[in-house]
Amino acid sequence: MEANGKDDLMKPLLQDADAVAVNMAQLSDSKNKKIRTLLFKVNGITCASCSNSIESALGKLKGIESATVSPLQGQAVVKYVPELISAKKIKEAVEDTGFEVDEFPEQDIAICRIRIKGMACTSCSESVERALSMTDGVKKAVVGLSLEEAKVHFDPNVTSTSRIVEVIEDAGFGADIISSGSDLNKVHFKLEGINSPDDITVIQCCLEALEGVNTVEINQQEYRVTISYEPDIIGPRTLMHCIQEAGHGSSTYRASLYIPPRQRELEKEHEIHTYRNLFLWSCLFSVPIFVFSMVLPMLPPYGNWLEYKVFNMLTVGLLLKWILCTPVQFVIGRRFYAGSYHALRRKSANMDVLIALGTNAAYFYSVYIMIKALISNSFEGQDFFETSPMLISFILLGKYLEVLAKGKTSDALAKLTELAPETAYLLTLDGAGNIISETEISSQLIQKNDVLKIVPGAKVPVDGVVINGHSYVNESMITGEARPVSKMPGDKVIGGTVNENGCVLIKATHIGSETALSQIVQLVEAAQLARAPVQKLADQISRFFVPTVVLAAVVTWLAWFIPGEVGVYPSSWIPKGMSVFELALQFGISVLVVACPCALGLATPTAIMVATGKGASQGVLIKGGNALEKAHKVKLVVFDKTGTLTVGKPTVVSAVIFSNISMQDFCDVTISAEANSEHPIAKAVVDHAKKLRQKHSAENEHHPEIEDFEVHTGAGVSGKVGEQRILVGNRRLMHAFNVPVSNEVENYISEHEQLARTCVLVAVDGKIAGAFAVTDPVKPDAARVVSFLKSMDITSVMVTGDNWATARAIASEVGIQMVFAETDPLGKADKIKELQLKGTPVAMVGDGINDSPALVAADVGMAIGAGTDVAIEAADVVLIKSNLEDVVTALDLSRKTMSRIRLNYVWALGYNVLGMPVAAGVLFPFTGIRLPPWLAGACMAASSISVVCSSLLLQSYKKPLHSRVN
């Protein structure tokens, strides 16, 4: 990735798809005021006087903290107190000064991410989503079951993050804020030298007075400060210096970097340990009950002591089982009661309701049997005390294995977050660029425009641009491309990549949440939150699943109990020592606990979580389940030509003279005319002309200046060099200025256009003096990709703004049959729509701003080579590097993922469809096979584990083309 000027270096390599025009930061200053920042465009600003008049008008309004208007960009940044003035009044005040306001948000929208604890199935996530959507001020809420997160868009003037957390907790789930507003750029410091609350106030006031500081939060118990800041304005070292400078007199403050533990990893570890400990405690009680119920009675005389009567018909065995069962039912199993209570309170039902019903039925019936035995000297009955603890034990084992497996689904994302190194070498340079000092600092303390030294074998800490040195950088961890990439001055480097051999100096251009690595992680996390349309099936089933199962359990009990009582089936079917009621109850409980809504809920999100993470590790960023589902249906891929099928770097392959002009003069007038043009072809012509000039031993490097320079869009340039009138461009430019094109020139043009080359003609004083043939080479893998797509039953199409001759030649070279040429950006979108009218799902692959309309119009838009920010925002899939093989990878991965999701549904639905009839005793009359409740619970736990493990198999995915090459 080469630097394309200063403006390009200021842009993030990847831009957040959820970026909005307004960026809020809720600040708490010393007076506890909420201050919000509003960004918008002002049209019509021509000079500094215009911006001053707007600033002056805004400054007179009550509630305006500060107002800054850039005369160059026409952008206004206004900090205001929402309690005193509204955003609408600010807009009206600007319009009253005579200027037009643009890109002004109609309402304030803030975004927060919240971690949710305690969700078990789709019913849980739907309940949270429903509760959030019904909250005043919440505009949109998306809850991810597998990620255990919610992303909430809300109006901060109506509600707050604390209220959102309260709503989630009221629904019966735990909630912790991950991030809110613009606090992605945060730094944490440990404070020393604090002796009183006044010291805290001094530090807070000093920090909040700094420009670029959004929020300051101080933990007075642990002396830690968390600062949210704008990296374009201020950096962490400046903040640290401010804290140290705040000391006065005897008070000396020190600040050291504090890196808080990763909350998600801590909570995941805690969840794993909790389920493991609950399972072990449950086993401690359940195993003896199992031995007393199933093993010892079959081993006389060892089990005879269990039959000793304590009082009336109450035996030692029955009493021991009740004593051991009760802690499992009410202490270890209390989470099922809590889950059931919250589910029923929000008028829904989940797996906890089924487990609570099943275990309670078994436990309280057994208690009834025990009481009858206690008060009767002749009563005999079969208890189910082993059912409840064993059922709970198997379910806890299943949950333990499930959280272990679910932790693996985010392994790829975790590896990405760990790529950035912990330290970096910061250089201090003098005015001449000489190194004064070298300091090793934490990567968290890097600021924009810092000069960093990257030694061989070290990781690049942040995104930047090489300013000195040459090396090869391994970008495989970001792009999936194993071959090291050459880096020279002016080239961009990505944070997290590895410097192979040479030592280079880089200037930091993007830090914190703006780095490509952070953007990739954010994009993948957003994708994992997005719900795929295929999940609607699970959502619809979950709404009536539990009530249906409860009804089926009651019907099963009645279907066995009533016929048994009236003698419809023979008494020989009833096991020894068991009554008709007990047999029917066992079948009913088995139906309750064998049904598993969790497996259905996990079928889609776990597969998408693994697939998006795996794709990100291979340089393919898929924006959620919707993009995955649409991509697997694609039957037609439309390729842009320049920069997609071709390299995108024009080079001159031929130069010829058609007049008596010398090669040196020919090169001189060409360089003078084209030097001011920014067009890629013009740059290629200038570079080639300079090489030709050196080849012909031209010692004088000075080129005459051009006058009356004019750009003719789509045709070329014109101007005067000395007394000569110069034209440089295509055939259209020559015709426009009535310059005759001879047969010799026509033949030259035709010959090279057939070879997919563009001809640049140079005319001096109305006569064509010479020409250059420029080619944009086809990417080496283009033909192989088109061929492989054909083997996948996918048709390839090319659309370009270039001439028909060049377009056909390129298409023929790569094996594409269908071509659309001389098409403008909107025309490309129209062509996409035409193809869609045939009922074929269409994918568009492009790299530039001119491709964005087509990317949006297509069913699946793919931005290749991390193209422009606009293209990335418009795309459904982002291919980080310019490798066309990744188009195949994206489509193949989507197909494999959807196949895996369908297989997961087969596991989940098939298990329930087959398991419930067996549990209901359908096979019992013919084979004698029945499913005891504890075994039914084990099967239910196994179904969830099988679905998660099925999704984890996507971790072994390999690129189809890459594997072919190797």
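Reading the values: rules and limits
Residues numbered from 1 in each chain as written. Predicted model: local features only at pLDDT ≥ 70, side-chain atom pairs only at ≥ 80, totals over all residues. Heavy atoms only, no water. UniProt positions renumbered as here; feature names shortened; annotations may be inferred. Helix = DSSP H or I, 4+ residues; strand = E, 2+ residues; numbered from the N terminus. Contact = heavy atoms within 4.5 Å. Areas by Shrake-Rupley, 256 points an atom, 1.4 Å probe, with all protein chains shown as cover. Core = buried A, V, L, I, M, F, W, Y, C linked by side-chain atoms within 4.5 Å. Buried < 20%, exposed > 50% of the residue type's maximum accessible area, 1.4 Å probe, protein only. pLDDT = per-residue confidence, 0-100. Pairing = 2+ DSSP bridges. Axes fitted to C-alpha atoms, helices over the stretch in contact; angles between N-to-C directions. Patch = residues over 30% accessible without salt bridge, like charges linked within 9 Å, V, L, I, M, F, W, Y side chains within 5 Å. Salt bridge = Lys/Arg side-chain N within 4 Å of Asp/Glu carboxyl O. Lys, Arg positive; Asp, Glu negative; His and termini not counted. Charge placed at Lys NZ, Arg CZ, Asp CG, Glu CD. Arc of directions from axis to C-beta. Parallel < 35°, antiparallel > 145°, perpendicular 65-115°, else oblique. Left-handed = near helix turned anticlockwise from the far one by under 90°. Nonpolar A, V, L, I, M, F, W, Y, C, P; charged D, E, K, R; others polar.

Under the annotation held in an unreviewed UniProt entry, the protein chain carries the name P-type Cu(+) transporter and is attributed to Nicotiana sylvestris. Check the Catalytic activity (unreviewed entry) section of the UniProt entry for the protein chain; it says "Cu(+)(in) + ATP + H2O = Cu(+)(out) + ADP + phosphate + H(+)".

Examining the overall build of the protein chain
Helix and strand counts for the protein chain come out as 33 helices and 37 strands. Nonlocal contacts in the protein chain, meaning residues at least 24 apart in sequence, comprise 70% of its contacts between residues at least 6 apart. For the protein chain, the computed accessible surface area is about 42,700 Å², with 55% contributed by carbon and sulfur atoms.

As for the nonpolar core
Ranked by internal contacts, the top residues of the largest apolar core, which has 120 residues, are Leu-132, Val-637 and Leu-891. In contact with Val-637, not counting residues within four places along its chain, are Leu-789, Ile-794, Thr-795, Ser-796, Val-797, Ala-843, Val-845, Val-887 and Leu-891. Formed by 36 residues, the second largest nonpolar core is a distinct cluster that contains Val-187, Leu-191, Ile-227 and Ala-424.

Overview of the confidence of the model for the protein chain
Residues shown with low pLDDT carry predicted positions that ought not to be read at fine detail. Confidence along the protein chain averages 80 in pLDDT terms, with 87% of residues attaining 70 or more. Low pLDDT (under 50) marks residues 1-32, which in the prediction has 88 contacts with non-local residues, meaning those over four places away or in another chain.

With respect to the pairing of strand 26 (residues 636-640)
Strand 26 sits mainly inside the fold: 5 of its 5 residues count as buried. Pairing analysis gives 5 bridges linking strand 26 to strand 33 (residues 795-799), with the strands arranged parallel. Among the inter-strand pairings, Val-637 is bridged to a residue of strand 33, identified as Ser-796. Bridging between strand 26 and strand 35 (residues 842-846) involves 4 bridges; their strand directions are parallel. From the neighbouring strand, Leu-636 faces strand 35, where its bridge partner is Val-842.

Notes on the sheet that holds strand 10 (residues 186-192)
Spatial strand order, 11-12-10-13: 4 strands in an open sheet with antiparallel pairing. Two strands in the sheet have a free side with no partner beyond their single neighbour: strand 11 (213-219) and strand 13 (254-257). Averaged over all neighbouring strand pairs, the angle between strand axes comes to 30 degrees, with direction disregarded. Where strand 10 and strand 12 (residues 224-229) come together, 5 bridges link them in antiparallel fashion. Note that in strand 12 the partner of His-188 across the bridge is Thr-226. The strands that helix 7 (residues 236-245) touches are strand 10, strand 11, strand 12 and strand 13; relative to strand 10, the one it contacts most, it runs at about 25 degrees.

Concerning the UniProt feature "transmembrane region" (unreviewed entry) in the protein chain
According to UniProt, the feature "transmembrane region" (unreviewed entry) maps to residues 278-299, 311-332, 353-375, 387-405, 544-563, 583-604, 905-928 and 934-954 in the numbering used here. Strand forms 0% of residues 583-604 and helix 91%; the C-alpha atoms that close the span are 37 Å apart.

Digging into a negative patch on the surface
A contiguous patch of negative charge, built from Glu-92, Glu-95, Asp-96, Glu-100 and Asp-102, is present on the exposed surface. Where the negative patch is concerned, the elements lending two or more residues are helix 3 (87-96) and strand 5 (100-102). A total of 3 residues in the negative patch trace back to one element, the largest contributor, which is helix 3. By the element assignment, Glu-100 lies in strand 5.

What to know about helix 7
Taken together, the buried positions of helix 7 are Pro-236, Leu-239, Met-240, Cys-242 and Ile-243. Burial along helix 7 is one-sided: seen end-on, the buried residues are contained in an arc of 155 degrees. Tucked into the core, helix 7 has its buried residues touching strand 10, helix 6 (197-208), strand 11, strand 12 and strand 13.

Looking at the side chain of His-632
Mapped onto the secondary structure, His-632 falls in the loop between helix 19 (625-631) and strand 26. Among residues more than four places away in sequence, those in contact with His-632 are Ser-894, Arg-895, Met-898 and Arg-902.

Structural notes on the sheet that holds strand 16 (residues 423-429)
Taken together, 6 strands build an open sheet; the order of strands is 17-16-18-24-19-22 and the sheet is antiparallel. Every interior strand has two partners, whereas the edge strands, strand 17 (435-442) and strand 22 (492-493), have only one. Where strand 16 and strand 18 (residues 451-454) come together, 3 bridges link them in antiparallel fashion. Bridge pairing links Tyr-425 to Lys-453 in strand 18.

Remarks on the pairing of strand 4 (residues 75-80)
Burial of strand 4 is one-sided: the residues Ala-76, Val-78 and Tyr-80 facing one way are buried, the residues Gln-75, Val-77 and Lys-79 facing the other way are not. Sheet topology places strand 3 (residues 64-69) next to strand 4; 5 bridges connect them, and they run antiparallel. Along strand 4, the bridge assignment pairs Ser-66 with Lys-79.

Some points on unusual backbone geometry
Here Asp-765, not a glycine, exhibits a phi torsion of approximately 50 degrees, which is positive. The class of Asp-765 is partly exposed, set by a relative accessible area of 44%. Located in the positive-phi region is Asp-793, a residue other than glycine, with phi close to 65 degrees. When you line up the elements, Asp-793 lands in the loop between helix 25 (782-791) and strand 33.

Brief notes about the packing of helix 18 (residues 597-617) against helix 30 (residues 885-919)
Put simply, helix 18 and helix 30 touch, their axes get as near as 9 Å, and they point 160 degrees apart. The orientation of helix 18 relative to helix 30 falls into the category roughly antiparallel. In this structure, helix 18 crosses over helix 30, and the sense of that crossing is right-handed. From helix 18, Ala-599, Leu-600, Ala-603, Thr-604, Thr-606, Ala-607, Ile-608, Ala-611 and Gly-615 reach across to helix 30, where they touch Leu-893, Thr-897, Ile-901, Asn-904, Tyr-905, Ala-908 and Leu-909. Among the residues forming the contact of helix 18 with helix 30, the class breakdown is 11 nonpolar, 5 polar and no charged.

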